[in-house]
Structures are given as C-alpha cells and as structure tokens.
Amino acid sequence: MSGIIKYAFKEHITKIQAKAEKEMLAEFEAGKFTFERPLVKQNVYLINPLSAVVLFRTAEETAVTVTVRGKTKEADIRHTFPKGTTHILPVLGLYANYKNSVEITLYQGQTATATIEVGDVLENVAVHRMETTPEYMQDNLIFLTPANANKAIGVDYAGDIRWHLTIPCAFDLKRLKNGNIIVGSDRLTRLPYYMSGLYEMSLVGKIYKEYRLPGGYHHDQFEMPDGSLLALTGDLNSDTVEDICVLIDRKTGGILKTWDYKNFLEPGLGKSGSWSEEDWFHNNAVWYDAITNSLTFSGRHMDIMPNIDFETGKLNWIIGDPEGWPREWVDKYFFKPAGEGDFDWQYEQHACVVTPNGDVMCFDNGHWRSKVMGKYLNSKENFSRGVRYKINTEDMTIEQVWQFGKERGYEFYSPYICNVEYYNEGHYLVHSGGICYVNGEPSEQLGSLVKDTDNAELKSITAEVYHDKVMMELETLGNYYRAEKLKLYSDGINLDMGEGSVLGSLDETKEFDTDIPAEAYGEFMPESCNASIQEEEDRLVFKSRFEKGQLVMLLLEGEEGTHRYYISTTAVSHLAMCVGTFYDTDERNTSICISKTGLKGAYDVRVIIEDKKYETGVKITC
Amino acid sequence: MTKEVNVQEFNAEYSSGLVLTDFYSKDCGPCKMLAFVLRDVEKLHPGLNILKVDFDECKDLTEKYGVEGYPTLILFKDGAEVARMKGLQQKPAIIRMIEENA
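The rules behind these values
Residues numbered from 1 in each chain as written. Chains lettered and ligands numbered in written order. Predicted model: local features only at pLDDT ≥ 70, side-chain atom pairs only at ≥ 80, totals over all residues. Contact = placed C-beta atoms within 7 Å. Nonpolar A, V, L, I, M, F, W, Y, C, P; charged D, E, K, R; others polar. Core = buried A, V, L, I, M, F, W, Y, C linked by C-beta atoms within 7 Å. Buried ≥ 20, exposed ≤ 12 C-beta atoms within 10 Å, placed from the backbone. Pairing = 2+ DSSP bridges. Helix = DSSP H or I, 4+ residues; strand = E, 2+ residues; numbered from the N terminus. Axes fitted to C-alpha atoms, helices over the stretch in contact; angles between N-to-C directions. Domains from an automatic or database assignment.

Novice: Got a sec to walk through the interface of chain A and chain B? Specific residues and values, please.
Specialist: Listed by partner, the interface residues are 12 residues for chain A and 11 residues for chain B. Within the side of chain A that touches chain B, the residues separate by chemical class into five nonpolar, six polar and one charged.

Okay, structure coming up:
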C-alpha cells in the first residue's frame with residue numbers, strides 16, 4: 001500500500017469491460033425484457049458514450065432493425081441484425097447533448113421507440129465545418145484519430161459527431177475483414193508515443209483483443225490476405241527507434257516474421273531535415289502488395305518509400321529524391337522522372353498506398369521540401385498534397401499522374417502526420433491533419449509541440465476528391481493523425497459476448513547495471529515530486545516530477561535481487577511527434593513504464609534521488 | 001585513474017596511451033550517472049586514464065573536438081581520437097569500445 005505516493009492497481013480494460021457486460025447480462029436475465037420494453041444500457045463498455053446496447057427477447061425468431069433517428073432524416077443510422085430470439089443489439093450513432101430516439105423494428109412487424117439521453121460527453125473535440133451532401137456521404141462517417149489531447153471521433157455528413165472514444169487510442173484506425181476495427185492501444189509503453197500494442201474492437205467500444213508487441217506499436221498496421229497483421233514496431237532496448245516491422249499471428253499474438261530495416265537500408269544516408277541518429281528512418285506506414293508479394297514502407301526521415309520482397313527482405317526499389325545519395329544506390333534503386341507533366345518529389349511523406357494497378361500514392365507533407373539545407377522552404381512558402389506516382393520498374397522511371405493540395409499552398413500544409421486513401425480510379429481521400437498557425441502565421445513547429453502560450457491555432461482538413469471535384473471537405477479544430485471513411489455498422493452482429501483476451505507479450509524493460517551509492521533515507525519521496533504508481537497485470541507506470549539535472553533511479557527490491565531503472569531528468573527535444581497525446585509540456589515531469597516480463601515475486605519500489613534512497617510504500621507483485 | 005582536468009592539464013595528459021575523456025556538465029543527470037558507470041569501468045581497467053572535462057569551462061576543447069552536448073565520451077590513443085560515444089552509456093558498451101581499441 002502507499003503512503004504519500006498515489007497508488008492504484010488498474011485492471012486490463014478487457015477485464016473491466018467483462019465485468020460491465022456480466023452485470024448487463026445479469027440484469028437482462030433477471031428481468032422480462034420485451035421488444036416493447038427492452039433493457040437499454042448506454043455506454044456499456046465505458047469508452048464510447050455515443051453508443052448503447054438494447055436487449056430483449058422475442059417469442060419467435062426474427063430479424064430486428066435498429067434506427068438511431070438523425071436530427072434530419074438523412075442522418076438516420078440504421079442496421080438490420082441477423083434473426084434470433086435473444087437480441088443483444090449495439091446502438092451506434094447517438095448524439096451528445098441530445099435526447100436520442102432509437103427505433104426498434106421487428107422484421108415485417110411493429111416498431112417500438114426508446115429514448116436515450118446523452119449528456120455533454122465530448123472531450124476536446126470540435127468540428128468547424130463539413131461541406132458535403134447527404135446524397136454523397138449517405139451514412140458514412142469520417143473517423144479521425146488524435147494527434148493532441150483530442151480523442152477519436154466519427155463525423156457525419158452534417159458535421160455532427162456520432163462516434164467518440166474517451167480513451168486515447170491513437171495512430172491508425174482500420175476496419176478488418178471481420179467487421180471489427182483495429183487501432184492503437186491507449187497504454188503508453190515509452191514516451192513519446194510507443195504503445196503497448198493494438199486493440200481489435202467493436203465500434204460500440206468493446207475490446208476483443210489486445211495484441212501486445214514486445215517492441216511497442218506505433219503509426220500503422222495492415223491486415224494481410226490471410227488475416228495476419230503487419231504492425232510497425234521497434235526494439236525498445238536498441239539505440240534506434242521505429243525501424244522494425246513484424247507480422248502477428250491473429251490467434252496467438254505471436255510474432256511470425258520480422259523485418260529490420262537496417263538489413264536493407266543504411267542509417268545516415270539520404271537524411272531529411274528532421275533526421276536524428278536515433279530516429280533515422282521514422283517509419284510511419286506499411287503497405288502489402290499481393291501482386292508483387294512485397295512491402296512498401298514510408299520513412300519520413302529519409303524522404304523515401306522503399307519496397308522490399310516480403311519473403312527475402314531484399315530491397316527492390318526506392319521512391320524519393322536521390323540528391324545526396326551515393327551513386328551505387330541511385331543507379332540501382334531510384335527512379336528517374338519521365339513524362340511531360342508536373343513533377344515534384346515527396347518529402348517527409350506519410351501513409352504510402354499501392355493502387356490496384358501498381359501506382360504508389362502517399363501524403364506528401366513536403367516538410368523542408370529539399371535534400372539540401374540551404375534550400376529548405378519555410379512553412380509559408382511550402383505546400384502539402386496527396387500525390388499519385390506511376391512507376392515502371394523495368395526502365396526505372398516515375399511519372400506524377402495526380403496530385404491534390406499543392407494549389408492550396410500553406411492553407412493545406414501539414415509538416416507531420418496525415419494520410420491518403422484510394423477508393424477507386426479518380427476517387428481519393430486526402431487528409432491534412434497537422435495544420436498549425438502561431439500568431440496567425442503558418443508555424444515552423446509541429447502542432448503537437450506548440451505550447452499553450454504560443455497563441456496557436458491547430459486544425460485539420462479532410463477532403464474527398466472525385467475526378468478532381470471536392471465532394472466532401474471536413475475541417476476540425478485540433479490536429480488529427482489520420483482520417484478514414486467508414487460506416488458505423490458492418491454486416492452481421494457487430495457485438496460478440498465474452499471476455500476479451502490479451503495476446504502477445506511485452507519485452508523486458510532494459511535495466512541499468514550500475515548502482516548509485518545512496519543512503520537509505522527511510523523517508524517517503526518529497527511531496528514536490530507528486531509521484532504516482534499505477535500497477536497493471538503486466539507492467540507498472542511510475543510518474544514523478546524532478547528538477548532538471550537531478551540524478552534519479554527507480555529500484556525494484558525483491559528477495560531475488562534488485563532491478564534498477566535509470567530515469568533521465570534531461571529535457572528531450574523532438575523533431576518528430578506524430579502523436580502528442582501523451583506529450584507533457586512540463587519538462588520536469590517524467591514517466592517510466594516497467595514491464596513485469598522477466599520479474600518474479602514481490603518487490604518494494606524505492607527511488608534514489610541524488611544520494612538518498614526514498615521509500616514509496618508501494619509493493620508490487622509479478 | 002580518474003581526474004578532473006583543465007585545458008592545460010588535458011593537453012599534457014591525452015597524447016600518451018589510451019585515454020578516455022568524459023565531457024560533462026555539473027547540472028546534468030546523465031553525466032552524474034555516467035560518473036558512476038566510469039567508476040565501475042575503472043575497476044576493470046585500473047590502468048586506463050580517465051579525464052573529466054567540464055563542458056562549460058573548457059570551451060577551447062569542446063570546440064576543438066566538436067563536442068556538441070553532454071555527456072560525450074572520446075577515446076584517444078596516443079593523442080588521436082579512435083572512438084566517441086554521445087549520451088549516457090552502460091558499462092558493457094564502454095568496455096567494448098575500450099577493448100576494441102586497446
């Protein structure tokens with residue numbers, strides 16, 4: 001137990017949700033709930049307040065249609081569920097600050113109406129404008145995942161938020177073939193944004209699985225034709241970050257295959273303006289092309305999209321500005337622009353996509369827009385765009401066949417994050433999610449790093465373009481990592497019962513093998529540290545505030561020995577902060593996550609500050 | 001042996017044999033941690049000369065050797081730089097650097 005230190009044990013969200021689901025089902029069993037008088041439970045799974053579950057039984061097997069009435073008829077959200085006699089139906093698309101009418105209609109039968117009142121549940125989110133038509137958007141939503149303190153939302157044709165997560169699930173969100181969505185977890189493993197893994201969940205908010213990754217998850221994932229998952233990761237014990245991709249078994253969470261980018265690229269070549277020795281590649285996307293059985297990655301800090309063979313890992317080609325690269329690389333791997341039309345290379349790009357005919361698209365952020373420091377463009381002179389290149393791997397030529405955004409100049413400029421989607425020929429989504437102004441001028445700083453005192457305005461613009469005509473444009477306040485157009489419901493039930501599972505594993509946290517000679521002080525940590533410990537089943541998170549330059553080490557002292565974890569009190573400057581959701585602008589605040597992997601038994605948690613060893617009063621069990 | 005040196009003392013010491021130079025700052029947490037790491041390194045290599053150079057007070061040296069941050073370790077062999085490490089390091093990595101250049 002704790003003294004002055006705040007301590008909490010937090011169960012995994014799958015366990016918390018399982019308890020809530022059991023309570024709901026127990027209430028359902030105890031009552032006689034009918035179609036006319038169903039059990040209605042709002043936000044059962046605790047993380048989507050714009051959802052509910054309605055439960056009732058019918059004497060005869062029947063299909064049921066649930067309709068959430070929109071504020072206009074065109075905004076109705078409707079789904080017909082498979083037939084049965086026991087109906088446990090997710091309700092999606094509620095409005096905040098509204099008495100929602102939800103119609104329940106039996107197949108070729110009667111309709112009953114339930115009212116679900118939702119309060120003020122939206123946190124740090126605001127839609128500035130949505131320009132489209134209901135005929136075009138229908139019941140699709142634009143889903144946005146966060147880059148700052150905002151959280152994930154889904155926006156309908158009218159600009160209303162009809163889906164929202166209250167936990168900070170970040171990075172990429174995609175729909176899987178089974179109708180569930182896959183998104184980054186909300187469990188931070190290492191600052192600034194390496195998450196414990198991926199959540200597979202229903203849009204009602206129920207998490208079916210967490211796929212934990214030893215190296216953490218960041219930026220992107222991709223479902224393979226056989227259902228396995230590609231995920232971007234790293235080696236948390238290495239000196240470099242964001243330079244590994246793994247293939248995950250969906251049943252076990254185990255790692256099936258690993259690609260280490262140092263095996264086919266040379267760190268230090270082709271540096272972008274944001275390059276660092278640690279984050280030399282900054283991988284933000286992966287795409288699997290079944291036709292060529294290859295992987296294409298996006299490396300922001302090399303301004304390149306390299307393609308490798310899936311089986312062998314052999315480098316096939318690189319899309320990017322070859323200036324500054326050694327001759328042997330340029331001759332072997334780079335493309336030469338061909339054709340008569342406009343052509344610009346992409347810089348610090350995101351979200352590579354391979355189209356069905358083999359063209360390659362990306363969001364060209366354009367940050368710095370040169371390989372030569374003296375030619376870097378500032379934000380006001382720059383532009384971002386969605387771009388499509390046609391490549392010929394026989395004669396190694398490249399042509400720019402489409403772009404959207406250059407003509408809008410700095411108004412559409414995002415130096416980080418963003419994505420493009422391909423729907424069909426001439427039909428694309430282009431999301432500029434990192435637009436930032438400081439004192440009314442386009443910012444040179446990333447939106448995730450601006451301080452409250454910077455008089456900053458952050459926004460994102462998402463455009464859906466059909467044969468060069470903008471059919472939808474959404475502008476939100478705040479930066480958003482990516483956008484995806486999806487319907488709320490997929491085919492089928494959309495909600496399975498039963499406790500979710502936690503798959504895969506976390507890696508051992510690197511320890512420090514040098515001791516600090518410190519006197520056992522016998523006192524608790526100073527109150528000024530504002531320390532807290534959150535223990536979970538597979539890790540603990542220690543947060544505290546120290547002064548710059550203090551020498552700090554966390555100790556886990558147990559019968560089998562002492563484990564030491566150095567805590568740096570040096571401010572870290574970032575050139576990349578794709579998701580600033582967990583970023584703390586107070587440099588004195590530290591956070592360290594320690595995996596329980598490799599630890600066994602009970603440990604007293606103590607902290608050395610300079611030459612004194614303090615108590616926390618906390619004992620953890622592994 | 002570990003000792004704090006100024007510019008003149010560094011110039012007198014660094015040119016002979018294997019010398020490990022630790023560019024540090026007094027108000028730097030990682031630098032303080034590295035001092036304990038080097039204490040352990042010294043136990044394994046008692047003949048190694050370890051020179052501590054204050055980054056803020058020895059600008060001539062930091063400029064001469066292009067030291068941009070702290071802590072920075074530079075290994076000299078008979079006066080020539082043979083290896084460099086930036087940031088806090090653990091003992092095995094430093095031992096490896098020394099033994100590869102001995």
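Novice: Quick rundown of the nonpolar core? Include the residues and the values.
Specialist: Judged by nonpolar contacts, the single largest core of 182 residues is most densely connected at Val53(A), Val54(A), Val91(A), Ala231(A), Cys362(A) and Val420(A). With residues up to four places along the chain from it excluded, the contact list for Val420(A) reads Ala351(A), Val353(A), Met361(A), Cys362(A), Phe363(A), Gly386(A), Tyr428(A), Leu429(A) and Val430(A).

Novice: Go over the sheet that holds strand S20 (residues 283-289) of chain A with me, naming the residues and quoting the values.
Specialist: As a general point, the strands of a sheet are linked pairwise by backbone hydrogen bonds and lie either parallel or antiparallel. All names here are of chain A. Strand order across the open sheet formed by four strands is S20-S21-S22-S23, with antiparallel pairing between neighbours. Two strands lie at the open edges of the sheet, namely S20 and strand S23 (315-320), each paired on one side alone. This sheet shows a mean twist of 20° between the axes of neighbouring strands, independent of strand direction. Pairing of S20 with strand S21 (residues 294-299), which is carried by six bridges, proceeds in the antiparallel orientation.

Novice: Run through unusual backbone geometry, naming residues and quoting values.
Specialist: The step from Tyr70(B) to Pro71(B) runs through a cis peptide bond, and the omega angle for that step is 0°. Even without being a glycine, Cys418(A) presents a positive backbone phi close to 95°. Among the structural elements, Cys418(A) can be located in the loop between strand S28 (397-404) and strand S29 (419-424). At Asp468(A), a residue that is not glycine, the phi angle is positive and equals roughly 70°.

Novice: Describe in detail the domain arrangement of chain A, supporting the description with residues and values.
Specialist: Structurally, chain A comprises domain 1 (32-118), domain 2 (127-504) and domain 3 (508-621). Each of domain 1 of chain A and domain 3 of chain A has a C-alpha centre, and these two points are 47 Å apart.

Novice: Account for the sheet that holds strand S42 (residues 602-609) of chain A, with residues named and values stated.
Specialist: All names here are of chain A. Judged by pairing direction, the sheet is mixed, and its five strands sit side by side in the order S36-S43-S42-S39-S40 without closing on themselves. Every interior strand has two partners, whereas the edge strands, strand S36 (519-524) and strand S40 (561-567), have only one. Adjacent strand axes in the sheet meet at a mean angle of 35°, parallel and antiparallel pairs treated alike. Here S42 pairs with strand S43 (residues 612-621) via eight bridges, running antiparallel. Looking at the pairing, Tyr-603 lines up with Ile-620 of S43.

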